[in-house]
Amino acid sequence: MCLLTLNVRGICNSDKRKKVYMWCENQGADVVFLQETHCTKQRVSKFTSTWKGTSFHGISDSPFSKGVSILFKENIDVNVLDHLEYGEGRVLLLNLEMNGKGTTLVNIYAPNSVQNRCIFFENVQQWIADSAKYLENVIMAGDFNCCLTDMDRNTKTHL
């Protein structure tokens, strides 16, 4: 199985969304984890209709930040049992059966500030433990906003 994770920095613009989706398809990924989609309740149908396979979206409370998505390529053998959201567009958890095996997928977009990020991870750890049906088979992906060195940063902002 091929997994792909990508911070898209907003895909509200239909041209950008189509390009991102096409790029993901061209990578041959079976499952795609997107962060910072800026997906709001009003935008879900646009985000869903553009992707050829099945998609799930963590809804942001802001049209300019947060939002996560998990996309499955067309014709993949997946049975999603439930999907749960946490943190107003910061976490999306799917309990599913894929190729006959129980799996929990988690997509995370962590806060930028160190203080908020620490509190977030303390809380989300327990939420995942309580929400995951398949703790023995959890796949977690995302943008954790943690850098090991300054060379890992793609911005001049130091948080």
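Whatever comes next refers back to the structure up there.
Residues numbered from 1 in each chain as written. Predicted model: local features only at pLDDT ≥ 70, side-chain atom pairs only at ≥ 80, totals over all residues. Heavy atoms only, no water.

J.: I'd love a proper account of a nonpolar patch on the surface, names of residues and values included.
T.: Residues L135, V138 and M140 make up a contiguous nonpolar surface patch of about 250 Å² in total accessible area. Among the structural elements, M140 can be located in strand β8 (residues 138-143). (Patch = residues over 30% accessible without salt bridge, like charges linked within 9 Å, V, L, I, M, F, W, Y side chains within 5 Å. Areas by Shrake-Rupley, 256 points an atom, 1.4 Å probe, with all protein chains shown as cover. Salt bridge = Lys/Arg side-chain N within 4 Å of Asp/Glu carboxyl O. Helix = DSSP H or I, 4+ residues; strand = E, 2+ residues; numbered from the N terminus.)

J.: Residues and numbers for the environment of S49, please.
T.: Note on placement: S49 falls in helix α2 (residues 44-50). When its relative accessible area of 60% is taken as the criterion, S49 is described as exposed. Polar contacts involving the side chain of S49 include one to the main-chain carbonyl oxygen of K46, which spans 3.3 Å. (Buried < 20%, exposed > 50% of the residue type's maximum accessible area, 1.4 Å probe, protein only. Polar contact = N/O pair within 3.5 Å; in protein donor to acceptor, adjacent residues only side chain to side chain.)

J.: Give me the lowdown on the packing of aromatic side chains, citing residues and values where you can.
T.: Enumeration according to the criterion identifies six aromatic pairs in this entry. When the ring of Y21 is compared with that of W51, the centres are 5.3 Å apart and the planes differ by 80 degrees; the resulting orientation is edge-to-face. With Y21 in helix α1 (residues 14-26) and W51 in the loop between α2 and β3 (54-58), this pair connects stretches of sequence that are 30 residues apart. A residue is classified by how much of its surface remains accessible, and W51, at 6% relative accessible area, is buried. Look at F120 and F121: their rings are 5.2 Å apart centre to centre, the planes differ by 70 degrees, and that puts the pair in the edge-to-face class. Linked through ring pairs, Y86, F120, F121, W127 and F144 together constitute an aromatic cluster. (Phe/Tyr/Trp six-rings, centres within 6.5 Å; stacked < 30°, edge-to-face > 60°.)

J.: Tell me what's going on with the sheet that holds strand β5 (residues 78-86), and back it up with residues and numbers.
T.: Read across the sheet, four strands follow the order β5-β6-β7-β8 without closing on themselves; strand pairing throughout is mixed. For this open sheet the edge positions go to β5 and β8, each flanked by a neighbour on one side alone. Here the average twist between neighbouring strands, direction ignored, is 15 degrees. Both strand β6 (residues 91-98) and strand β7 (residues 101-109) contribute to a ladder of eight bridges, which runs antiparallel. Bridge pairing in β7 places L96 opposite T103. (Pairing = 2+ DSSP bridges. Axes fitted to C-alpha atoms, helices over the stretch in contact; angles between N-to-C directions.)

J.: Requested: an account of the nonpolar core, with residues and values cited.
T.: Residues V31, I70, F72, L94 and L105 are the most contacted members of the largest nonpolar core, which totals 14 residues. Listed by contribution, the elements that provide at least two residues to this core are β2 (31-35), β4 (68-72), β6 and β7. Tallying contributions element by element places β6 first for this core, with four residues. Leaving out residues up to four positions away in the same chain, I70 has contacts with V31, V32, F33, T54, S55, F56, L92, L94, L105 and N107. By size, the runner-up hydrophobic cluster in this structure holds 13 residues, among which are V8, A29, V32 and F47. (Core = buried A, V, L, I, M, F, W, Y, C linked by side-chain atoms within 4.5 Å. Contact = heavy atoms within 4.5 Å.)

J.: Tell me about the pattern of salt bridges, and please be specific about residues and values.
T.: Side-chain pairing between opposite charges can occur once the charged atoms of the two side chains come close. The full count for this structure, using the stated rule, is four salt bridges. Linking K66 and D61 is a salt bridge whose minimum nitrogen-to-oxygen distance equals 2.8 Å. A salt bridge links K133 to D82, with the nearest nitrogen and oxygen atoms 3.4 Å apart. Within this pair, whereas K133 is found in the loop between α3 (114-131) and β8, its partner D82 is found in strand β5, the two being separated by 51 residues in sequence. A residue is classified by how much of its surface remains accessible, and K133, at 49% relative accessible area, is partly exposed. Among the residues examined, D82 registers a relative accessible area of 21% and is labelled partly exposed.

J.: Go over the sheet that holds β3 with me, naming the residues and quoting the values.
T.: With mixed pairing, the four strands of this open sheet are ordered in space as β1-β2-β4-β3. One side of each edge strand has no neighbouring strand; the edge strands of this open sheet are β1 (3-7) and β3. Neighbour to neighbour, the strand axes of the sheet diverge by 15 degrees on average, direction disregarded. Bridge count between β3 and β4: five bridges; the pairing is antiparallel. Following the sheet pairing, G58 is matched in β4 by V68. Against the sheet, α1 engages β1, β2, β3 and β4, with an angle of about 155 degrees to β1.

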